[in-house]
Amino acid sequence: MPHSDSPASMANGPPPHYPDEFMRKYVFSRLGAEWSSAALVFVVSMLAGRMAADGMNLVQWAGALTAVLGSITVAVAVRVWTPEKRRA
């Protein structure tokens, strides 16, 4: 049977329907990179805003601004960069 989970059928590695294989393909895909970079911007902005609400000095503000701008730069780079053409 092609979908058997016997040890003999798993000799060449797990079938692609296992969650870890799906996650590996998703994380390294373009869609995964776009959503991950958007999540990065959200989390970094949320943390910077939370720390700002508690009170920060000038150096901490500069660090938070750098972190937010860095995460935005990552998000823009992921969306702007085009994939390289494969050479045959």
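A quick note: this is a predicted structure, and the numbers were derived from the prediction, not measured.

Focus on the pattern of salt bridges
Counted according to the given criterion, the structure contains 1 salt bridge. One salt bridge in this structure joins Asp54 and Arg50, with 3.4 Å as the shortest N-O distance. With Asp54 and Arg50 both in helix H2 (residues 30-54) and 4 residues apart, the pair spans about one turn of that helix. Under the relative-accessibility criterion, Asp54 is labelled exposed at 51%.

What to know about the nonpolar core
One finds Val44, Ala48, Met56, Ala64 and Val68 forming the largest nonpolar core, which totals 5 residues. Secondary-structure elements contributing two or more residues to this core are H2 and helix H3 (58-80). Once residues within four sequence positions are removed from consideration, Ala64 is found in contact with Ala48 and Met56.

Remarks on the packing of H2 against H3
Look at H2 against H3: their axes get within 9 Å of each other, and the N-to-C directions meet at 165°. With respect to H3, the axis of H2 lies roughly antiparallel. Of the two possible hands of crossing, H2 and H3 adopt the one that is left-handed. Residues Arg30, Ala33, Glu34, Ser37, Ala38, Leu40, Val41, Val44, Ser45, Ala48 and Ala52 of H2 touch H3, and the partners they reach there are Trp61, Ala64, Ala67, Val68, Ser71, Ile72, Val74, Ala75, Val78 and Arg79.

Side note on a nonpolar patch on the surface
There is a patch of nonpolar side chains on the surface, built from Leu65, Leu69, Ile72, Val76 and Val80 and spanning about 450 Å² of accessible area. Summarising the element assignment, Leu69 is placed in helix H3.

A few points about the side chain of Ser37
Its place among the elements puts Ser37 in helix H2. Filtering out sequence-adjacent residues up to four positions away, Ser37 remains in contact with Val74, Ala75, Val78 and Arg79.

Comments concerning H3
With 23 residues, H3 should cover 33 Å at 1.5 Å per step; its first-to-last C-alpha distance of 32 Å lies within 8% of that length. Every buried residue of H3 is listed here: Ala64, Val68, Ser71 and Ala75. Tucked into the core, H3 has its buried residues touching H2. The residue sitting at the N-terminus of H3 and contributing the capping side-chain oxygen is Asn57; that oxygen lies 3.2 Å from the backbone nitrogen of Val59.

Things to note about the side chain of Ser71
Take Ser71: it is sitting in helix H3. Among the polar contacts listed, one links the side chain of Ser71 to the backbone oxygen of Val68, at a separation of 2.8 Å. What Ser71 contacts, discounting residues up to four positions off in sequence, is Leu40, Val41 and Val44.

About the thresholds
Residues numbered from 1 in each chain as written. Predicted model: local features only at pLDDT ≥ 70, side-chain atom pairs only at ≥ 80, totals over all residues. Heavy atoms only, no water. Salt bridge = Lys/Arg side-chain N within 4 Å of Asp/Glu carboxyl O. Helix = DSSP H or I, 4+ residues; strand = E, 2+ residues; numbered from the N terminus. Buried < 20%, exposed > 50% of the residue type's maximum accessible area, 1.4 Å probe, protein only. Core = buried A, V, L, I, M, F, W, Y, C linked by side-chain atoms within 4.5 Å. Contact = heavy atoms within 4.5 Å. Axes fitted to C-alpha atoms, helices over the stretch in contact; angles between N-to-C directions. Parallel < 35°, antiparallel > 145°, perpendicular 65-115°, else oblique. Left-handed = near helix turned anticlockwise from the far one by under 90°. Patch = residues over 30% accessible without salt bridge, like charges linked within 9 Å, V, L, I, M, F, W, Y side chains within 5 Å. Areas by Shrake-Rupley, 256 points an atom, 1.4 Å probe, with all protein chains shown as cover. Expected span 1.5 Å × (residues − 1). Polar contact = N/O pair within 3.5 Å; in protein donor to acceptor, adjacent residues only side chain to side chain.

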